[in-house]
Amino acid sequence: MTSERFADLAVAVHAVLPRLGRTRLVAVDGPSGAGKTWFADRLGQATGAPVVHTDDLLDGWDDQFAFWRRLEESVLSPMRRGVAAEYRRYDWTCGRFGDEVVRVEPPDVLIVEGVSSAREVIRPELSLGVFVSAPPELCVARVVERDGGHDVAFAAYLDRWRRAEARHFAADGTATHADLLVDGAVNGDDERYERLWRSSPG
């Protein structure tokens, strides 16, 4: 395990050729509670890149993987054409998509964060694929603390969700195909992250 700086990773990302139109697409994938959002937000700050969180595009708990069509139509396809992406965030409290439209102009670097964001279909267009991992018990504890789900119904949802994502990662080979593996169990700071493995960028 090696400690590395987000600033250095940002330089490497900007040096890679864009593959999604003129945009360098970075996917930050991994299990729920592994630390994907933390990593994506810090890399976003270092690169100056907007971050699209796939949880904002899910239509509730039952839309765990089928959201991809929404991501493709609202974000990825416009970026390929060099036009602004527009989407509405899902309100998990109200159980519906909000009215406010989020607009993202085509950037040099775009970060998409969330479970299955580095899936096979998008790999040819990724400039960097990141997989963040952490022990299962830590992931569960983080999700429960974050979402305040201490009741039986939430536990059932979470168990079903985690089993489904485990099946997806096994079938997709996500971690095996990632360019960068990150240890999300380590409490990093805003400047550094812990690298488990990394291929040459490009």
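Residues numbered from 1 in each chain as written. Predicted model: local features only at pLDDT ≥ 70, side-chain atom pairs only at ≥ 80, totals over all residues. Heavy atoms only, no water.

Visitor: I'd like to hear about the sheet that holds strand β8 (residues 180-183), residue by residue, with values.
Guide: If you walk across this open sheet you meet the 7 strands as β1-β9-β8-β7-β2-β6-β3, and the pairing is mixed. Strand pairing shows two members of the sheet lacking a second neighbour, β1 (2-5) and β3 (51-53), which therefore form its edges. Pairs of neighbouring strands in the sheet enclose a mean axial angle of 30°, with direction left out of account. Here 4 bridges tie strand β7 (residues 126-133) to β8, and the two strands are oriented parallel to one another. Paired with Ser133 across the bridge in β8 is Asp183. (Pairing = 2+ DSSP bridges. Helix = DSSP H or I, 4+ residues; strand = E, 2+ residues; numbered from the N terminus. Axes fitted to C-alpha atoms, helices over the stretch in contact; angles between N-to-C directions.)

Visitor: How would you summarise the nonpolar core if you had to cite specific residues and measurements?
Guide: Core analysis: the biggest nonpolar cluster contains 22 residues, and Leu25, Val52, Leu71 and Leu110 have the highest contact counts within it. Secondary-structure elements contributing two or more residues to this core are β2 (24-29), α3 (68-81), β4 (85-91), β5 (96-104) and β6 (109-113). When residues of this core are assigned to their parent elements, the largest contribution, 5 residues, is made by α3. Those residues within four positions of Leu25 in sequence are excluded, and the remaining contacts are Leu20, Leu76, Leu110, Val112, Ile122, Glu125, Leu126, Ser127 and Leu128. (Core = buried A, V, L, I, M, F, W, Y, C linked by side-chain atoms within 4.5 Å. Buried < 20%, exposed > 50% of the residue type's maximum accessible area, 1.4 Å probe, protein only. Contact = heavy atoms within 4.5 Å.)

Visitor: Which residues make up the pairing of β5, and what are the values?
Guide: The pairing of β4 with β5 spans 6 bridges and is classified as antiparallel. Pairing of Asp91 across the sheet is with Arg96, part of β5. Where β4 folds back onto β5 in an antiparallel hairpin, the turn is made up of 4 residues, including Gly95, whose phi is positive at roughly 75°.

Visitor: Give a description of the side chain of His168 that names residues and reports values.
Guide: Checked against the element boundaries, His168 lands in helix α5 (residues 152-172). Ignoring anything within four residues of it in the chain, the contact list for His168 reads Phe65, Ser116, Arg119 and Thr174.

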